[in-house]
Amino acid sequence: MSVEKSLEGKVAVITGGGRGLGKAVAAALIERGAKVVIGNTTESQGLATVEEFNTAAGAKVAAFKRTDITTYKDNIELFQFAEKEFGGVDIAYLNAGIAGNATDIIFMPPDDENDSRAVEVNTIGTMKGTKIAMLHLAKRGGGVIVTCSSTLGSNAVPSMSAYVTSKHGLNGWVRSFALLPQICNVRVNAVCPHFVETDMLVPNPDQLARGGPILNLVDKIPKTTVENVVNAVLLLIEDETRNAQTLLALPGDVIREQEATAPLPETFTPEFAQVMGSYAEDYVAFHKKELEDYLKVYEEKYGNKD
Ligand SMILES: NC(=O)c1ccc[n+]([C@@H]2O[C@H](COP(=O)([O-])OP(=O)(O)OC[C@H]3O[C@@H](n4cnc5c(N)ncnc54)[C@H](O)[C@@H]3O)[C@@H](O)[C@H]2O)c1
C-alpha cells in the first residue's frame, strides 16, 4: 500500500532508532518522504538499520551517528551532523531509553551508578535532547519534538520503581511546555506506550539469574502493538494542535490523551488565573528574546563552519 508523502522535505532525528520502536517510527517517517538521522549507543545496530533503509529506498534517506543521549556533547554532535547531512532538522523523536538492571533497584545493594541510570538516561538524557532539538528546530522556523514516555509515566508497577520514576519525571518535563509554540513555534509531546513486544521486554542474563515475579508478570500484561505506537507518534507529529500532551498508546489499538493526573488546587482562584495570564505574556516575551540571543551564541560555538 502506498502512503501519502506528507513529510516530503522534512528531516527527523531519532534517538535509539537502531531497533524497536525507534526503528519502526524511522521506517514510517521515511515512507512519508522524510529523511532520518539515527543516534544510538550501539554502532553496529545503527549502521545496519541505516543501510537497510538506504538499500530499500535506493537512495540516501538515512544516516547514523553514534550517540549517547546522556551527554550534551553527543546530543549537539548528533543534531549538527543531521544538519550537515540533510540541511536542517524539523522533527525529533527522542525515543532512546533503558529498562533492564536499572528498572527495579529498591532491594538491590546500593550502587551509585546503576541506581541513577534509569533517570540519567530516560529523564535527563531526554531533557538534554529536548534542549538541543529545540535550538535546531527554532533555527529552522519551528518543528515538533516527541519524547518517549510510557503508561508508567502516570501509573506504577512496584517491580519497576526506578523506571516508573524516570518516566513520571519525563511527563512533568513535557507538560511544562504549553507556551513553547508561542516562543519558537516548537511543540513538545510525549507518546506513552503500554507494554510492547520489543527487545526491551526480553530479560537479560542478570535479570534471569535474579528471578522474581516481574518475569511472569511481563508475559501476562496485555500489550499494545508497535504499529499503534507508530500511529500515536505520527499523530503527535502531524496534528499541529497537539502540544505538551502525554498521549497514551494502549492495547486494542486505542490512542487517547492521558487525563490530568491531579485537579487544579483550590488556590487556583479566578484572581490567580488572571495573574497567571499576565505571567504567560511576560514569560513569552522574556524567553523569545533570551532564545534569540542564545541561538547566536550556540551557532558561534557549535555551528557547522564549512
Ligand atoms: N517496549 C515496551 O514495552 C515499552 C513500553 C513503554 C515505553 N517504552 C519506551 O520506548 C522507548 C524505546 O524502547 P524499545 O521498546 O524500542 O526498546 P529497545 O531496547 O528495543 O530500544 C531502545 C534503543 O535505545 C538505545 N539506547 C539505550 N540507551 C541509549 C543511550 N544512552 N543513548 C542512545 N541510545 C540509547 C538502544 O541502543 C536501543 O536501540 C524507550 O524509551 C522505552 O522506555 C517501551
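Along every chain, residues carry numbers that run from 1 in the direction the sequence is written. For this predicted model, a pLDDT threshold of at least 70 governs which residues receive local features, and a threshold of 80 or more governs which side-chain atom pairs are given and counted, while totals over whole chains, interfaces and linings are taken from all residues. For side-chain calculations, the full set of non-hydrogen atoms in the structure is used, while hydrogens and water are omitted.

Only DSSP runs of H or I reaching four residues or more are called helices, and only runs of E reaching two or more are called strands; each is numbered from the N terminus. Helix and strand counts for the protein come out as 10 helices and 8 strands. In this description the radius of gyration comes from C-alpha coordinates, and the expected globular size is given by 2.2 Å times residues to the power 0.38. Relative to a compact globule of 306 residues, whose C-alpha radius of gyration would be 19 Å, the protein shows 20 Å and is just as compact. The principal-axis extent of the C-alpha atoms belonging to the protein is close to 60 × 55 × 45 Å. Only protein chains enter the calculation, and the probe is 1.4 Å; a residue is then buried if its accessible area is under 20% of its type maximum, exposed if over 50%, and partly exposed in between. Considering the protein as a whole, with its 306 residues, one finds that 47% of them fall into the buried category. By element, 56% of the accessible surface of the protein is carried by carbon and sulfur atoms, the whole surface being about 15300 Å². Lys and Arg are tallied as positive, Asp and Glu as negative. Neither His nor the chain termini are counted. Taken as the charge centre is NZ of Lys, CZ of Arg, CG of Asp or CD of Glu, depending on the residue. Averaging the locations of the 29 positively and 39 negatively charged side chains of the protein gives two centres separated by 3 Å. All accessible-area figures derive from a Shrake-Rupley calculation using a 1.4 Å probe, and residue coverage is judged against the displayed protein chains alone.

The environment of the ligand is made up of 28 residues, and the closest members are R19, N95, Y163, V196 and T198. Two N or O atoms form a polar contact when they lie within 3.5 Å of each other; inside protein one atom must be a possible hydrogen donor and the other a possible acceptor, and for residues adjacent in sequence the pair counts only when both atoms belong to side chains. At a separation of 2.8 Å, an oxygen atom of the ligand approaches a polar side-chain atom of Q45. Between the ligand and T198, the relevant distance is 2.5 Å, taken from an oxygen atom to a side-chain nitrogen or oxygen of the residue. The protein chains hide 95% of the 830 Å² of surface that the ligand would expose on its own. Of all elements in the fold, only α1 (20-31) and α5 (161-175) reach the threshold of two or more residues within the shell around the ligand. Proximity is defined per residue: any heavy atom of the residue falling within 4 Å of a molecule or strand makes that residue near it.

For the rest of this paragraph, the subject is the side chain of D68. Inspection of the secondary structure assignment puts D68 in the loop between β3 (62-66) and α3 (72-86). Contacts of D68, omitting those with residues within four sequence positions, involve T41 and D74. Any two residues whose heavy atoms approach within 4.5 Å are treated as being in contact.

A few words now on the sheet that holds strand β5 (residues 143-148). One bridge is not enough; two strands pair if DSSP finds at least two bridges between them. One open sheet holds the 8 strands; their spatial order is β3-β2-β1-β4-β5-β6-β7-β8, and the pairing between them is mixed. This sheet does not close on itself; its edge strands, each paired only once, are β3 and β8 (254-257). Each strand axis lies, on average, 20 degrees off the axis of its neighbour in the sheet, ignoring direction. Pairing of strand β1 (residues 11-15) with strand β2 (residues 35-40) involves 5 bridges; the strand directions are parallel. Considered in β2, the bridge of T15 is made with G39. In this analysis, axes come from line fits to C-alpha atoms, helices being fitted only over the stretch in contact, and the angle between any two N-to-C directions falls in the range 0 to 180 degrees.

Attention now moves to helix α9 (residues 226-238). One less than the number of residues in a helix, times 1.5 Å, gives the span that helix is expected to have. For α9, spanning 13 residues, the distance from its first C-alpha to its last is 18 Å, which sits close to the expected 18 Å at 1.5 Å a residue. For α9, the elements touching its buried residues are α1, β4 (91-94), β5, β6 (186-193), β7 (246-250) and β8.

Moving on, we come to the domain arrangement of the protein. By convention, interface size is frequently given as the accessible area that disappears when the constituent parts associate. Taken domain by domain, the protein comprises domain 1 (11-261) and domain 2 (263-306). The distance between the C-alpha centroids of domain 1 and domain 2 comes to 25 Å. Each partner contributes residues to the interface: domain 1 has 14 residues there, and domain 2 has 14 residues. Each of two parts loses accessible area, computed with a 1.4 Å probe, when they are put together; buried area is these two losses added. A buried area of about 1400 Å², summed over both sides, lies between domain 1 and domain 2, and 67% of it is on carbon and sulfur atoms. Looking at the side of domain 1 facing domain 2, the largest losses of area belong to Q80, L135 and I183, adding up to 41% of the total buried there. Within this document, salt bridges are pairs made up of a side-chain nitrogen of Lys or Arg and a carboxyl oxygen of Asp or Glu, the two lying within 4 Å of each other. Counting across the domain 1 and domain 2 interface gives 1 salt bridge. Where E299 meets K139, a salt bridge forms, and the shortest distance between an N and an O atom there is 2.6 Å. The interface formed by domain 1 and domain 2 holds 3 residue pairs in polar contact (both at pLDDT 80 or more) in total. Elements with a contribution of two residues or more to the side of domain 1 that touches domain 2: α3, α4 (112-139) and α6 (180-184). In terms of residue count, the dominant contributor to the side of domain 1 that touches domain 2 is α4 (6 residues). Put simply, Ala, Val, Leu, Ile, Met, Phe, Trp, Tyr, Cys and Pro go in the nonpolar bin, Asp, Glu, Lys and Arg in the charged bin, and everything else, Gly too, in the polar bin. Of the residues in the side of domain 1 that touches domain 2, the class split is 8 nonpolar, 3 polar and 3 charged. A domain assignment, automatic or from a database, supplies the domain bounds used here.

What follows is about the packing of aromatic side chains. For Phe, Tyr and Trp, where Trp contributes only its six-membered ring, two rings pair if their centres lie within 6.5 Å, and the inter-plane angle classes them as stacked under 30 degrees, edge-to-face over 60, or tilted in between. By the definition in use, this model includes 5 aromatic pairs. With 6.3 Å between their ring centres and 50 degrees between their planes, Y294 and Y298 make a pair best called tilted. Here Y294 pairs with Y298, and both are found in helix α10 (residues 270-302), just 4 residues apart, close to one helical turn. Y298 sits in the buried class, given a relative accessible area of 1%. On the numbers, 5.2 Å between centres and 50 degrees between planes, the contact of Y298 with Y302 is tilted. Here Y302 and Y298 lie together in helix α10, a separation of 4 residues that amounts to about one turn.

So, about the pattern of salt bridges. For the structure shown, the criterion picks out 12 salt bridges. Residues K223 and E197 are paired through a salt bridge, measuring 3.9 Å at the closest nitrogen-oxygen approach. One end of the pair, K223, is in the loop between α8 (214-220) and α9; the other, E197, is in the loop between β6 and α7 (205-210), with 26 residues separating them in the sequence. The exposure class assigned to E197 is exposed, which follows from its relative accessible area of 56%. Linking R242 and D239 is a salt bridge whose minimum nitrogen-to-oxygen distance equals 3.0 Å. Overall, the relative accessible area of 16% leaves R242 in the buried class. For D239, a relative accessible area of 22% corresponds to the partly exposed category. Sharing partners across several salt bridges, the network here consists of E83, K139 and E299.

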